[in-house]
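Listed below, chain by chain, are the residues.
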Amino acid sequence: VLSAGSGGRALRWRVDGEGRLALSAGYALAAQQIPRSGALSKARGSGAVGVTSLALSPWDSDVFLLGSEGGLVLKCSFSAQAAAAGPPGSESQSVTLRAPAQFSFAPRCGPVHALHCSPFHRNLFVSAGTDGLAHIHSLLQASPVLSVRVCDAYVFGVRWSPTRPLLLAAATGQGSVLLFDLGRGSLRPTATIEHSAEGMAVSCLEYNPRQTDLLAAGGADGTVSIWQLSPELTEQGPREVAQLEQIAHEVAE
């Protein structure tokens, strides 16, 4: 289990023999220890970098991603050994805090609310946040390979389909869940699901990992909705994996 928060720390937990969580490793993001990519050249001063989202790679157990309050997206390593810089007293933790960041992607305008790794390509992940965009990234370059305009409001959640390599679902601040097919010529929504008639924000969403045609979303009003998706939104097309591979090899300008 991995947890993180606005204090700039990511904590890794294990379940002990009695079913309780025990802290096994700790990581801290300090601005002065953030690696500079070609897209990240401004000085950022010092201090903790608040974490707003995280994702684990299903392809590499050493890799995890962190999104920050200031718009940073970072590739991180569980095996990092460098000690994290911190204020006096931070060494009182039961584990030594490490500096996990290995690579910085192009910063966004505002907090990064959601990250998710593609289940069909080891180098692709998607990020979403306050700019209303879903950015498709490759782990191999700083700038996105593709950006999709989701809406004119915040995007609070984004998920790759577990069965359709080119399908993304996004939770918006306007009360809807939008589904996008990256294989279509137009990047307009393939389907729109209204979660709230009053336009209350959809704050999270997730596919059922066992019954993959079910999609759940939670709203700011405290309600949870579950939808059963049509075969068009769940059955993989004949060229989807090849098209996703093509997207992965796009070189950002």
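Residues numbered from 1 in each chain as written. Predicted model: local features only at pLDDT ≥ 70, side-chain atom pairs only at ≥ 80, totals over all residues. Heavy atoms only, no water.

*Asks:* Residues and numbers for the overall build of the chain, please.
*Replies:* A tally of regular secondary structure across the chain gives one helix and 19 strands. Against the compact-globule benchmark of 18 Å for 253 residues, the chain has a radius of gyration of 19 Å, which places it among compact chains. Structurally, the chain occupies a C-alpha span of about 55 × 45 × 35 Å along its principal axes. When burial is assessed residue by residue, the chain has 49% of its 253 residues classed as buried. For the chain, the exposed area adds up to about 12,100 Å²; of that, 50% sits on carbon and sulfur atoms. A gap of 8 Å separates the mean positions of the 18 positive and 20 negative side-chain charges of the chain. (Helix = DSSP H or I, 4+ residues; strand = E, 2+ residues; numbered from the N terminus. Rg over C-alpha atoms; globule rule 2.2 N^0.38 Å. Buried < 20%, exposed > 50% of the residue type's maximum accessible area, 1.4 Å probe, protein only. Areas by Shrake-Rupley, 256 points an atom, 1.4 Å probe, with all protein chains shown as cover. Lys, Arg positive; Asp, Glu negative; His and termini not counted. Charge placed at Lys NZ, Arg CZ, Asp CG, Glu CD.)

*Asks:* Which residues make up the packing of aromatic side chains, and what are the values?
*Replies:* According to the stated counting rule, one finds six aromatic pairs in the structure shown. In textbook terms, an aromatic cluster arises when at least three aromatic residues are bridged by ring pairs, as seen for Tyr27, Phe64 and Phe78. The lysine or arginine in question, Arg12, covers the ring of Phe78, its NZ or CZ lying 3.9 Å from the ring centre. (Phe/Tyr/Trp six-rings, centres within 6.5 Å; stacked < 30°, edge-to-face > 60°. Lys NZ or Arg CZ within 6 Å of the ring centre and 35° of its normal.)

*Asks:* Provide a residue-level description of the confidence of the model for the chain, including the pertinent values.
*Replies:* Across the chain, the average pLDDT comes to 90, with 92% of residues at or above 70. Contacts from residues 38-43, a stretch scored under 50 in pLDDT, to residues over four places away or in other chains number 12 contacts. (pLDDT = per-residue confidence, 0-100. Contact = heavy atoms within 4.5 Å.)

*Asks:* Break down the sheet that holds strand 5 (residues 63-68) for me, with residues and values.
*Replies:* Spatial strand order, 4-5-6-8: four strands in an open sheet with antiparallel pairing. Two strands bound the open sheet, and with one partner strand each, they are strand 4 (51-56) and strand 8 (101-104). Strand-to-strand twist across the sheet, computed as the mean angle between neighbouring axes with direction ignored, equals 25°. Note that strand 5 and strand 6 (residues 73-77) share five bridges and pair antiparallel. Paired with Gly67 across the two strands is Val73, which belongs to strand 6. (Pairing = 2+ DSSP bridges. Axes fitted to C-alpha atoms, helices over the stretch in contact; angles between N-to-C directions.)

*Asks:* I'd like to hear about the sheet that holds strand 10 (residues 124-129), residue by residue, with values.
*Replies:* Within the open sheet, the four strands sit side by side as 9-10-11-12. Their pairing is antiparallel. Only two strands of the sheet have a single neighbouring strand rather than two, namely strand 9 (112-117) and strand 12 (146-149). Each neighbouring strand pair of the sheet contributes to a mean axis angle of 20°, computed without reference to strand direction. Where strand 9 meets strand 10, five bridges bridge the pair, whose relative direction is antiparallel. Residue Val112 lies in a different strand from strand 10, and its bridge partner there is Gly129.

*Asks:* How would you explain the pairing of strand 9 if you had to name every residue and give the values?
*Replies:* Every other side chain in a regular strand lies on the same face of the sheet, so the side chains alternate between the two faces. For strand 9, the tally of buried residues reaches five of six residues, placing the bulk of the element in the interior. What sits between strand 9 and strand 10 in their antiparallel hairpin is a turn of six residues.

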